[in-house]
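Observations on the three-dimensional arrangement
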Amino acid sequence: MQINDSTQLSVPDIMKYHRNRYPWFFVDAVSLENGTDHVLGKKCFSYNEFFTKAALDASVPNFIIGEALEQTFLMTFMKNNPGLLTNTVSSECFYKKSVNIGDVLEIKAELLSFRRGIAKGKAFGFVGKEQVCEAAFVITVPEIMNNFTPKN
Amino acid sequence: MSNLEKYIEAFTTTFDIKPEQTSGLKYQDIEAWDSVGHMGLVAAIEDAFEIMLDADDIVDLSSFEKGQEILKKYNVEM
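Values in this document were obtained by computation on a predicted structure and should not be read as measured data. (Residues numbered from 1 in each chain as written. Chains lettered and ligands numbered in written order. Predicted model: local features only at pLDDT ≥ 70, side-chain atom pairs only at ≥ 80, totals over all residues. Heavy atoms only, no water.)

Here's the deal with the packing of helix H1 (residues 3-15) of chain B against helix H2 (residues 35-49) of chain B
All names here are of chain B. Relative orientation of the contacting elements H1 and H2 amounts to 150°, with a least axis distance of 9 Å. If you check the angle between H1 and H2, you find them roughly antiparallel. Relative to H2, H1 is oriented so that their crossing is right-handed. Contacts between H1 and H2 involve Asn-3, Lys-6, Tyr-7, Ala-10, Phe-11, Thr-14 and Phe-15 from the first element and Gly-37, Gly-40, Leu-41, Ala-44, Ile-45, Ala-48 and Phe-49 from the second. Grouping the amino acids of the contact of H1 with H2 by side-chain chemistry returns nine nonpolar, four polar and one charged. (Axes fitted to C-alpha atoms, helices over the stretch in contact; angles between N-to-C directions. Helix = DSSP H or I, 4+ residues; strand = E, 2+ residues; numbered from the N terminus. Parallel < 35°, antiparallel > 145°, perpendicular 65-115°, else oblique. Left-handed = near helix turned anticlockwise from the far one by under 90°. Contact = heavy atoms within 4.5 Å. Nonpolar A, V, L, I, M, F, W, Y, C, P; charged D, E, K, R; others polar.)

Written as structure tokens, this is what we have:
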């Protein structure tokens, strides 16, 4: 599939670009903003999610929210590197308000830099108009990065 | 700040080491100088000297001393 800056991607399309799979797949749709390094993502948290069986209340566990932010952020640079393995170097998440089962988490992810296989950027999560979380990421693409490391 | 001081500072800030630990230091001698640390070091050197290193030079930058040799190609004398 050829991707361009106005592409809307559904789950089968997203899975062509990054390697997360059910049950650790937390993006329902993404769209790319014209001519920018921004990606908009969406995740609808339903009662069918596997983690609701273990949940003590109606809130979505924070690490799941962090995953949704990260998986949307991945699309900011994986759109040009489909299918490559990624490694998370750092992931700093801040959770301001709880996200409840039944909520739709809308995510705006921004790529700040992608050089030599290292992506840096941020993602912000909203429920309705209210920002509920944000995160900063450093993620590597080893297949690219290893082209620039000394050989022993 | 001299070029040598800038060069040493790139190592000390990237790897959180003391200046006296830089001499003789090689790639993967310390935990911090792994593949990700290497990219951080390259970025720090590029910022310090306002240069862009070629891919081959980034791969060749395998020790503190080798880096000094490489920087001569970019007219950075220590």
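Now that the structure has been shown, the text picks up again.
Quick look at unusual backbone geometry
All names here are of chain A. Residue Tyr-22 is joined to Pro-23 through a cis peptide bond whose omega torsion reads 5°. With respect to the helices and strands, the residue Pro-23 is situated in the loop between helix H1 (11-14) and strand E2 (29-32). Of note in the backbone geometry, Arg-116 takes a positive phi value of approximately 50° without being a glycine. Mapped onto the fold, Arg-116 is located in the loop between strand E5 (104-115) and strand E6 (118-127). Overall, Arg-116 belongs to the buried group, its relative accessible area being 14%. (Buried < 20%, exposed > 50% of the residue type's maximum accessible area, 1.4 Å probe, protein only.)

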